[in-house]
Amino acid sequence: MTSRPTDYKRHYWAAPISHYELPEEERERLRVHVKDRLTAHCLTQVWLIQQLQNAGLTTDKSELCSILAGTRSGPKVDEILVESDRIITAYDDFLCAVDKKHSSLWTKICKKKS
């Protein structure tokens, strides 16, 4: 019998010491909110996966699809949903800031043409 080395790096997610434990209603609300916001902004799940990886959370298409379909639960799911909501809220805030800047610019351009 051979023993496994103890100094290898795990390439899969392991729950941090303090992980999220969302109530079922909150998990469902976040799941629907994330799906709706992705659709509203014409963003893909691949985009979200890349943003999650930038935030330090590793996931793949099948896992994210299962999470958004509501067929997975657990601490990793809760953490991904909370982080996804944070990412999409930041994206919303960015679009609002850009929209305000461009709408005032657009108003100035329209006034010059009149």
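Residues numbered from 1 in each chain as written. Predicted model: local features only at pLDDT ≥ 70, side-chain atom pairs only at ≥ 80, totals over all residues. Heavy atoms only, no water.

## Some remarks on the overall build of the protein chain
The criterion, for reference: Under the scheme used here, helices are H or I runs from DSSP no shorter than 4 residues and strands are E runs no shorter than 2 residues, and both carry numbers assigned from the N terminus. Relative accessibility thresholds used throughout: buried, under 20% of the residue-type maximum; exposed, over 50%; partly exposed, between the two (1.4 Å probe, protein chains only). Whether two residues touch is decided by their heavy atoms; if any such pair falls within 4.5 Å, the residues are in contact. For the accessible areas, the method is Shrake-Rupley and the probe is 1.4 Å, while residue cover comes only from the protein chains on display.
Along the protein chain, the regular secondary structure elements total 4 helices and 0 strands. Going from the N terminus to the C terminus, the protein chain shows its helices and strands as α-α-α-α. Looking at the 114 residues of the protein chain, the share that counts as buried comes to 26%. Expressed as a percentage of contacts within the protein chain between residues at least 6 apart in sequence, the contacts between residues at least 24 apart total 63%. For the protein chain, the accessible surface area stands at approximately 8,400 Å², while carbon and sulfur atoms represent 55% of it.

## Section: the packing of aromatic side chains
Short version of the rule: Classification of ring pairs rests on two measures: the distance between centres of Phe, Tyr or Trp rings, Trp counted by its six-membered ring, which must be within 6.5 Å, and the angle between planes, read as stacked under 30 degrees, edge-to-face over 60 and tilted in between.
Within the structure shown, the criterion is met by 1 aromatic pair. Centre to centre, the rings of Trp47 and Tyr91 are 5.3 Å apart; their planes meet at 65°, and the pair counts as edge-to-face. Residue Trp47 is found in helix H2 (residues 45-54), and its partner Tyr91 is found in helix H4 (residues 75-113); the two are separated by 44 residues along the sequence. Note on Trp47: relative accessible area 18%, which makes it buried.

## Let's talk about the side chain of Glu83
Filter applied, for reference: Think of a polar contact as two N or O atoms within 3.5 Å of one another; within protein, one of them needs to be a possible hydrogen donor and the other a possible acceptor, and neighboring residues in sequence only count if both atoms come from side chains.
Turning to its location among the elements, Glu83 is positioned in helix H4. A polar side-chain atom of Glu83 sits 2.4 Å from a polar atom in the side chain of Arg86. Not counting residues up to four positions away in its chain, the partners in contact with Glu83 are Leu52, Ala55 and Leu57.

## Quick look at H2
Within H2 the residues assigned to the buried category are Trp47, Leu48, Ile49 and Leu52. One or two positions beyond H2, positive phi appears at Gly56, with a value near 95°.

## As for the nonpolar core
Put simply, the test is: Think of a nonpolar core as a cluster: buried Ala, Val, Leu, Ile, Met, Phe, Trp, Tyr and Cys residues, connected wherever their side-chain atoms sit within 4.5 Å.
Of all hydrophobic cores here, the largest spans 18 residues; its most connected members are Leu38 and Leu48. Elements represented by at least two residues in this core include exactly helix H1 (24-40), H2, helix H3 (61-69) and H4. Considering every element that reaches this core, the biggest residue donor is H4, with 5 residues. Not counting chain neighbours up to four residues away, the residues in contact with Leu48 comprise Val34, Leu38, Leu64, Ser84 and Ile87.

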